[in-house]
Amino acid sequence: TEGHVFLVFRRSIQTPISSRRAGFWRLGTSGLICHVPYTDDDIYDDTGSTSRRSLGAAPVLTADAQCLEIRSASSLWSAHLNGQSQGGAFGTNTVGFSTTPELGGFLSGNAFYDGSIAEVLIFDRVLPLPERARLVEYLKARYLIASFP
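These figures come from a predicted structure and were not determined experimentally. (Residues numbered from 1 in each chain as written. Predicted model: local features only at pLDDT ≥ 70, side-chain atom pairs only at ≥ 80, totals over all residues. Heavy atoms only, no water.)

Digging into a nonpolar patch on the surface
Condition: Note that patches include only residues with greater than 30% relative accessible area and no salt bridge, and the join distances are 9 Å for like charges and 5 Å for nonpolar side chains (Val, Leu, Ile, Met, Phe, Trp, Tyr). In this description, accessible areas are obtained by the Shrake-Rupley approach with a 1.4 Å probe, and a residue is regarded as covered only by the protein chains that are shown. Any Lys or Arg side-chain nitrogen found within 4 Å of a carboxyl oxygen on Asp or Glu counts as a salt bridge. Per the convention used, a helix needs a DSSP run of H or I reaching at least four residues, while a strand needs a run of E reaching at least two, with both numbered from the N terminus. Any residue under 20% of the maximum accessible area for its type is buried, any over 50% is exposed, and the rest in between are partly exposed; the area is computed with a 1.4 Å probe on protein chains only.
Residues Leu103, Val120 and Ile122 make up a contiguous nonpolar surface patch of roughly 260 Å² in combined accessible area. Within the secondary structure, Leu103 is located in strand 8 (residues 102–103). The class of Leu103 is exposed, set by a relative accessible area of 53%.

Below, the structure written as structure tokens:
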């Protein structure tokens, strides 16, 4: 009925050079491909939801480790990159986690991820702030994510 996801990754290049190299993962049920970012430099994601959202332009994704965080519940859906909100918070959401998740692309959509994935943490609830803070400290220390508040 809800979830909290953290994914630590590095992109090979900032803007994918083709839609085939712009995949990321599939953890939602919209049936659409998620991109961080797409060839237009925008982020699209449906993690834990029945609908994909356009989250606007991606910040510069350097070769350093990045952390994408998604919170999905019926009363909230939000995405954060290194702790910074992407696209704002959505006050309503129909929760939908894929029963056949894909990591590193969207195989049936022929879109693959051009980069590396270091760690994925998936929780079956939205973490309370103190627990989230401890997890963020762990990720910052392990992957040297300086900009993560």
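Re the packing of aromatic side chains
To keep it simple, the criterion reads: Working definition: rings of Phe, Tyr and Trp (its six-membered ring) pair if their centres are within 6.5 Å, and the pair is stacked with planes under 30 degrees apart, edge-to-face with planes over 60 apart, and tilted otherwise. Put simply, a charge is over a ring when the Lys NZ or the Arg CZ is close to the ring centre, within 6 Å, and near the line of the ring normal, within 35 degrees.
Summed over the entire model, instances satisfying the criterion amount to 7 aromatic pairs. Look at Phe9 and Phe24: their rings are 5.2 Å apart centre to centre, the planes differ by 80°, and that puts the pair in the edge-to-face class. Taken together, the positions of Phe9 in strand 1 (residues 3–11) and Phe24 in the loop between strand 1 and strand 2 (25–26) put the pair 15 residues apart, joining distant regions of the chain. Its relative accessible area of 1% is what places Phe9 among the buried residues. Where Phe24 meets Trp25, the ring centres are 5.4 Å apart and the plane angle is 70°; that geometry is what we call edge-to-face. Residue Trp25 is classed as buried on the basis of its relative accessible area, which comes to 1%. Its guanidinium or amino end placed over the ring of Phe90, Arg53 lies 4.8 Å from that ring's centre, counting from NZ or CZ.

With respect to the pattern of salt bridges
Across all of its chains, the model carries 7 salt bridges by this definition. Residue Asp114 is joined to Arg21 by a salt bridge in which the shortest nitrogen-to-oxygen separation is 2.4 Å. Here Asp114 is found in the loop between strand 10 (111–112) and strand 11 (115–123), whereas its partner Arg21 is found in the loop between strand 1 and strand 2, with 93 residues between them in sequence. Take Arg21: its relative accessible area is 35%, and that puts it in the partly exposed class. In this structure, Arg26 engages Glu102 in a salt bridge whose closest nitrogen and oxygen atoms are separated by 3.1 Å.

Notes on the confidence of the model for the protein
As a reminder, the rule being used: The predictor's confidence in any single residue is recorded as pLDDT, a number from 0 to 100.
On average, residues of the protein carry a pLDDT of 91, and 100% of them reach 70 or more. Per-element confidence in the protein is highest for strand 5 (residues 66–73), whose mean pLDDT is 96, and lowest for strand 9 (residues 105–106), whose mean pLDDT is 82.

Let's talk about the pairing of strand 1
Counted only if it meets this: At least two bridges found by DSSP between two strands is the condition for calling them paired.
Among the 9 residues of strand 1, 8 are classified as buried, and the element is accordingly described as predominantly covered. Of the pairings in the sheet, the one linking strand 1 to strand 5 comprises 7 bridges and is antiparallel in character. Residue pairing for strand 5: Leu7 is matched across the bridge by Leu68. Bridge count between strand 1 and strand 11: 8 bridges; the pairing is antiparallel. Bridge pairing in strand 11 links Arg10 to Ser116.

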